[in-house]
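Here are the chains, one letter per residue:
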Amino acid sequence: MGMPSMPELLVILAIVVLLFGAKKIPELAKGMGSGIRNFKKAMKEEEEEELKASAKAEKQVEQKAETTEAAKTEEKKEA
């Protein structure tokens, strides 16, 4: 099934206007726009948190590796 043609879109628009009224449509569009904006913002924040968490985990792994390497070096010096 393809995209609706112009007459079909006009019929759908007419039905929407009849159901909601001409004054309500801009309010609905504004509500949808703010909802989409909030969704995108939440997704971006979640992605940033994941990046920070992975960077923190990577840093901890590096520190643990450095600590292990230092301990091995110290053991070799004692032996």
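Reading the values: rules and limits
Residues numbered from 1 in each chain as written. Predicted model: local features only at pLDDT ≥ 70, side-chain atom pairs only at ≥ 80, totals over all residues. Heavy atoms only, no water. Helix = DSSP H or I, 4+ residues; strand = E, 2+ residues; numbered from the N terminus. Rg over C-alpha atoms; globule rule 2.2 N^0.38 Å. Areas by Shrake-Rupley, 256 points an atom, 1.4 Å probe, with all protein chains shown as cover. Salt bridge = Lys/Arg side-chain N within 4 Å of Asp/Glu carboxyl O. Expected span 1.5 Å × (residues − 1). Buried < 20%, exposed > 50% of the residue type's maximum accessible area, 1.4 Å probe, protein only. Patch = residues over 30% accessible without salt bridge, like charges linked within 9 Å, V, L, I, M, F, W, Y side chains within 5 Å. Lys, Arg positive; Asp, Glu negative; His and termini not counted. Charge placed at Lys NZ, Arg CZ, Asp CG, Glu CD.

The helix and strand inventory of the protein chain stands at two helices and zero strands. Here the protein chain has a C-alpha radius of gyration of 29 Å; the compact-globule value for 79 residues is 12 Å, and the former is much larger. For the protein chain, the accessible surface area stands at approximately 7,700 Å², while carbon and sulfur atoms represent 63% of it.

This brings us to the pattern of salt bridges. Within the structure shown, the criterion is met by one salt bridge. Taking the shortest distance from any N to any O, the salt bridge between Lys24 and Glu27 comes out at 3.6 Å. Taken together, the positions of Lys24 and Glu27, both in helix H2 (residues 24-78) and three residues apart, correspond to about one turn of that helix.

Another aspect to go through is helix H1 (residues 6-20). Between its first and last C-alpha atoms H1 spans 21 Å; for 15 residues at 1.5 Å apiece the expected length is 21 Å, and the two agree. At the C-terminal side of H1, Gly21 shows a positive phi close to 90°.

Overall, Lys24 belongs to the partly exposed group, its relative accessible area being 40%. In sequence terms Lys24 and Glu69 are 45 residues apart; their C-alpha atoms lie 68 Å from each other.

Once that is clear, we can look at a nonpolar patch on the surface. On the surface, a nonpolar cluster with roughly 560 Å² of combined accessible area is contributed by Met6, Leu9, Leu10, Ile12, Leu13 and Val17. Along the polypeptide, Val17 turns up in helix H1. Judged by relative accessible area, Val17 falls into the partly exposed class, the value being 33%.

A cluster of like negative charges, contributed by Glu45, Glu46, Glu47, Glu48, Glu49 and Glu50, occupies part of the molecular surface. Along the chain, Glu48 turns up in helix H2.

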